[in-house]
Amino acid sequence: MSQHVKLTAQRRAVSGRNAVKKIKAEGFVPAVIYGAKNQPENLQVVARDIATVLSHASSENILVDLEIQDGASSVNRLALIHEIQHHPVGRQILHVDFQAVSATEKLTAYIPIEPEGEPVGVKTHGGLLEQSLHELEVECLPKDMPDVIRVDVSALNIDDSLHVRDIKLPEGVTAVADEDLTIFHVSEAIVAEEEAATEAESPEVLKEKKPEAGAPATAEAKSAK
């Protein structure tokens, strides 16, 4: 299942470049929460706290119990970390988008796909495992959302494929993507065949045979003298 963490945020009344510079100098990261039929709200989270959450993440799908503080009051919202902006050089966190969700309503998400095992066609016959689909769109309740979908590919032989319809998903999770989409395929290695074809197409280079000792020179050899 996806990671489920707790995080505290504060409502942010000010916006704009100067305001953002100020809250960053105070150790915060600007954020926004939207969705679940609510108006978007500007927030700020402690930079150290959000960095800790992300450092322990095994995927991008992180479910958050977000406590939003506003002075002496607070409200709890369930949300997904939807998007994170990083500095292109230093990789510092610049901004975080939270998507509010309902615990009782299904959502759609893209879950990364990872192969498990070594295909028999690769191990025994020198084939190549090709992955055509790296993320699978699924529908589920927030509590059932997996962080990754691992697929056993060890039984695949040469020319075998696994499609969306072949994947066993966790209980409560259904695929939204076309069931006929290919995820994994084991192809035959063609490197050796290509090399053989290249050699066959190369023109043969004929070298003139040197005359044996004592043998008369050819006409071409005489004319060259």
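Further up the page is the structure itself.
A short tour of the structure in this document, coming up.

The rules behind these values
- Residues numbered from 1 in each chain as written.
- Predicted model: local features only at pLDDT ≥ 70, side-chain atom pairs only at ≥ 80, totals over all residues.
- Heavy atoms only, no water.
- Helix = DSSP H or I, 4+ residues; strand = E, 2+ residues; numbered from the N terminus.
- Contact = heavy atoms within 4.5 Å.
- Areas by Shrake-Rupley, 256 points an atom, 1.4 Å probe, with all protein chains shown as cover.
- Core = buried A, V, L, I, M, F, W, Y, C linked by side-chain atoms within 4.5 Å.
- Buried < 20%, exposed > 50% of the residue type's maximum accessible area, 1.4 Å probe, protein only.
- Pairing = 2+ DSSP bridges.
- Salt bridge = Lys/Arg side-chain N within 4 Å of Asp/Glu carboxyl O.

Bringing the overall build of the chain into the picture now. The helix and strand tally for the chain stands at five helices and 13 strands. Residue pairs at least 24 apart in sequence account for 65% of intrachain contacts in the chain once pairs closer than 6 positions are excluded. With an accessible surface of roughly 14,700 Å², the chain has 49% of that area assigned to carbon and sulfur atoms.

Our next topic: the nonpolar core. Most often, soluble globular proteins keep nonpolar side chains buried together rather than apart. In this structure, Ile-113, Leu-136, Met-145, Ile-149, Val-151, Ile-183 and Phe-184 are the most contacted members of the largest nonpolar core, which totals 25 residues. Elements supplying a minimum of two residues to this core: strand E5 (73–86), strand E7 (107–116), strand E9 (135–140), strand E10 (149–152) and strand E13 (182–187). The biggest single contributor to this core is E7, with four residues. With residues near it in sequence (within four places) discarded, Ile-183 still touches Ile-113, Glu-130, Gln-131, Ser-132, Leu-133, Leu-162, His-163, Val-164 and Ile-167. Grouped together as the second largest cluster of nonpolar side chains are 19 residues, Val-45, Ile-50, Ile-68 and Ala-100 included.

Another point: the sheet that holds strand E12 (residues 174–175). As summarised here, the arrangement of the four strands in space is E10-E7-E9-E12, forming an open sheet in which the pairing is mixed. Unpaired on one side and paired on the other, E10 and E12 mark the two borders of the sheet. Relative to E12, E9 is paired through two bridges, and the arrangement is antiparallel. Across the sheet, Glu-139 pairs through a bridge with Thr-174, a residue of E12.

As a further point, take the pattern of salt bridges. Tallied over the entire structure, the rule returns six salt bridges. Arg-11 serves as the salt-bridge partner of Asp-70, at 3.6 Å between the closest nitrogen and oxygen. Placement of the pair is Asp-70 in strand E4 (residues 62–70) and Arg-11 in strand E1 (residues 3–11), with a sequence separation of 59 residues. Here Asp-70 falls in the partly exposed class, since its relative accessible area comes to 40%. The partly exposed category is assigned to Arg-11, whose relative accessible area is 34%.

The next subject is the environment of Ile-50. Inspection of the secondary structure assignment puts Ile-50 in helix H2 (residues 47–55). Classification of Ile-50 as buried rests on a relative accessible area of 0%. Counting along the chain gives 41 residues from Ile-50 to Ala-9, while the straight-line C-alpha distance between them is 9.8 Å. Not counting residues up to four positions away in its chain, the partners in contact with Ile-50 are Leu-7, Val-29, Val-45, Ile-81, Ile-93 and Val-96.

This next bit is on the pairing of E7. On a regular strand, each side chain points to the face opposite its neighbour's, so the side chains alternate between the two faces of the sheet. Relative to E9, E7 is paired through six bridges, and the arrangement is antiparallel. Within E9, the position partnered with Pro-112 by the bridge is Glu-135. Sheet topology note: the E7/E10 ladder contains four bridges and is parallel. Paired with Pro-115 across the bridge in E10 is Val-151.

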